[in-house]
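Residues per chain are reported as follows:
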Amino acid sequence: MAAYVCTRFCMNKFKDSIRFIPRRYRVKTKWAATRPKFPATELALHSFDTTYSVQFGDLWPSIRVAMLCEQKYGALINSFSSASGEITDLEAEGCKDFITIDCSTNEDHKSSQDPTTPHYDSIDLESAPLKTSITPDIKCLVFPRGDISRFKPARPDSSGILGYYLLDAASVLPVLALDVQPGQTVLDLCAAPGGKTLALLQAHSVNHLWANDLSVSRTGRLRKILQSYVPKEFLDEENIHISCVDGRELGMREEKSFDRVLVDVPCTTDRHSAMVEENNIFKRPRTKERQKLPLLQIQLLVAGIQAARQGGIIVYSTCSLSQLQNECVVQQAISVAQEELGITVQVQDLRWFTQCFSDTFHFAPQLSVGELVLPHLCANFGPIYMCKLQRMN
């Protein structure tokens, strides 16, 4: 027999423990959209552990530690500034110009290679003769290994031009490898935010510099940096041209126009992806963008090859260790240039580069189909990949 229960009695008895929520306020949390299960930094590290542990083997644990260390900067001395005593003050704090010091001891490094660095004595590379000198006009001061001291803000001179620019010292290496000679024209295909562009101007060898970037905001940042470090009279269209167009279009538009081309492409920026959640390319909404990176990189490098004159030099660089974004991109771009455009490109040997800078950076060269690959790894600086090409026709 069913018992009769008074609804009003139950309501009064349990009213303090019952909470009624109007339907319009009932919201089901969308976990997939609003609360990702893993931060993008963790996803990046998982991806790196999966791929780089195979690529680098026993070296990967130490590389991983280096990637997660606090970032260490170098001070790129601004030769346009008349501020006195900048270099002296920095040297008094223990800083050294790694470019001058390492190059001056180049001969010593030839007989004292890092034991973890492979040798190439028996490897036949099709490359230009080894070069043994680097322009002394570019100066970048760094603190010694193990010292993560911070640089003080740069002082402006009487014209408001700042004395030095802080950047990862590794970013200067592609500029040095580009080997700009007096009177040459240079294309910086993906220039923003501007550190490498500013480094290119320091040697005062560039006859005309074209700095391009697709992003409007990043191009704006590039302009602000140049305004802070370069005199107004030098920021003339005849000297520096800044554009905001798709770099893939410049190859056809400016074919055979430049003696030197720097192709520092967008990449996964390994250190940033592993440490910074903001604007991380491993975030879920940017998955397709990340997957399309190798294709974009190939197209940009092919455009850079097209824009170079006969005998011109192209330097391709990323701040990633991924073979898919590095060796594979270079190989594919060379193939496309040869088969579809009829352009022959020769890979240059950069062994002399490792000898010059082995005191500051730990290089981990790898070989792939006769091409020298140079990602450099150091506990003080982030990863970088660099390949030097020369257009033969």
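Residues numbered from 1 in each chain as written. Predicted model: local features only at pLDDT ≥ 70, side-chain atom pairs only at ≥ 80, totals over all residues. Heavy atoms only, no water.

**So, the overall build of the chain**
Selection criterion: Comment: elements are numbered from the N terminus, with helices defined as DSSP H or I runs of at least four residues and strands as E runs of at least two. When accessible area is computed with a 1.4 Å probe and restricted to protein chains, residues below 20% of their type maximum are described as buried, those above 50% as exposed, and intermediate ones as partly exposed. Working rule for contacts: check all heavy atoms of both residues, and any pair within 4.5 Å makes them a contact. Residue exposure ignores everything except the shown protein chains as possible cover, and the areas themselves are Shrake-Rupley values with a 1.4 Å probe.
A tally of regular secondary structure across the chain gives 16 helices and 15 strands. The buried share among the 393 residues of the chain stands at 49%. Counting only contacts in the chain whose residues sit at least 6 apart along the sequence, the fraction spanning at least 24 positions is 78%. Of the roughly 20,200 Å² of accessible surface on the chain, 54% is carried by carbon and sulfur atoms.

**Quick notes on the packing of aromatic side chains**
As a reminder, the rule being used: Stacked, tilted and edge-to-face pairs are distinguished by plane angle, under 30 degrees for stacked and over 60 for edge-to-face with tilted covering the rest, among Phe, Tyr and Trp rings (Trp via its six-membered ring) whose centres lie within 6.5 Å.
For the coordinates displayed, the defined rule picks out 14 aromatic pairs. Measuring from centroid to centroid gives 5.2 Å for F48 and Y52, while their planes differ by 10°, and the two rings are stacked. Residue F48 and its partner Y52 are both found in helix α3 (residues 40-56); the two are separated by 4 residues, about one turn of the helix. Note on F48: relative accessible area 3%, which makes it buried. Consider the rings of F98 and F361, whose centres lie 5.4 Å apart with planes at 85°: the pair is edge-to-face. Remark: F361 occurs in the loop between α16 (351-357) and β11 (362-363) and F98 occurs in helix α6 (residues 98-104); sequence separation between them is 263 residues. The same class applies to F98 as to F361, namely buried. Each residue in the set F48, Y52, F56, W60 and F282 is aromatic and connected to the rest through ring pairs, giving one cluster.

**Considering the environment of L389**
Its location among the elements puts L389 in strand β15 (residues 385-391). We classify L389 as buried; its relative accessible area is 0%. With 74 residues separating them along the chain, L389 and V315 place their C-alpha atoms 6.1 Å apart. Leaving out residues up to four positions away in the same chain, L389 has contacts with L301, I305, G312, I313, I314, V330, I334, V345, Q346, V347 and Q348.

**Topic: the sheet that holds strand β4 (residues 164-167)**
For the record, the criterion: In this analysis, strands are considered paired if DSSP registers two or more bridges between them.
Strand order in this open sheet of 4 strands is β2-β3-β1-β4, and the pairing throughout is antiparallel. Of all the strands in the sheet, just β2 (96-97) and β4 have a single pairing partner and so form its edges. Summarising the sheet, strand β1 (residues 74-77) and strand β3 (residues 140-142) pair through 2 bridges and their orientation is antiparallel. Paired with A75 across the bridge in β3 is L141.

**A word on the sheet that holds strand β8 (residues 258-264)**
The condition that has to hold: Here an axis means a line fitted to C-alpha atoms, over the contact stretch when the element is a helix, while the angle between two N-to-C directions is reported on a 0 to 180 degree scale.
Strands sit in the order β7-β6-β5-β8-β9-β15-β10 across an open sheet of 7 strands; the sheet is mixed. Since the sheet does not close on itself, it has two edges, and those belong to β7 (240-243) and β10 (345-347), each with one partner. With direction set aside, neighbouring strand axes in the sheet form an average angle of 20°. Alignment of strand β6 (residues 206-212) against β7, held across 4 bridges, turns out to be parallel. By the bridge assignment for β7, W210 is matched with H241. Those strands touched by helix α14 (residues 293-307) are β5 (184-188), β8, β9 (308-318), β10 and β15, and its axis lies near 155° from that of β9.

**Some remarks on the pairing of β6**
Inclusion rule: With strands facing away from the observer, any crossover in which the path from the first strand over the helix to the second runs clockwise is taken as right-handed.
Most of β6 sits out of view: 6 of its 7 residues are buried. In this region the chain leaves β5, passes through helix α9 (residues 195-202) and returns to the parallel neighbour β6; the handedness of that crossover is right-handed. For the segment spanning β6, helix α10 (residues 216-229) and β7, crossover handedness is right-handed.

**Side note on the confidence of the model for the chain**
Put simply, the test is: One number per residue, pLDDT, summarises how confident the predictor is, and it ranges from 0 to 100.
Per-residue pLDDT for the chain averages 84, and the proportion of residues at 70 or more is 78%. Every residue in residues 107-132 is under pLDDT 50, and counting partners more than four places away or in other chains gives 40 contacts. Counting contacts from residues 367-371, a segment whose pLDDT is below 50, to residues more than four positions away or on other chains yields 14 contacts.

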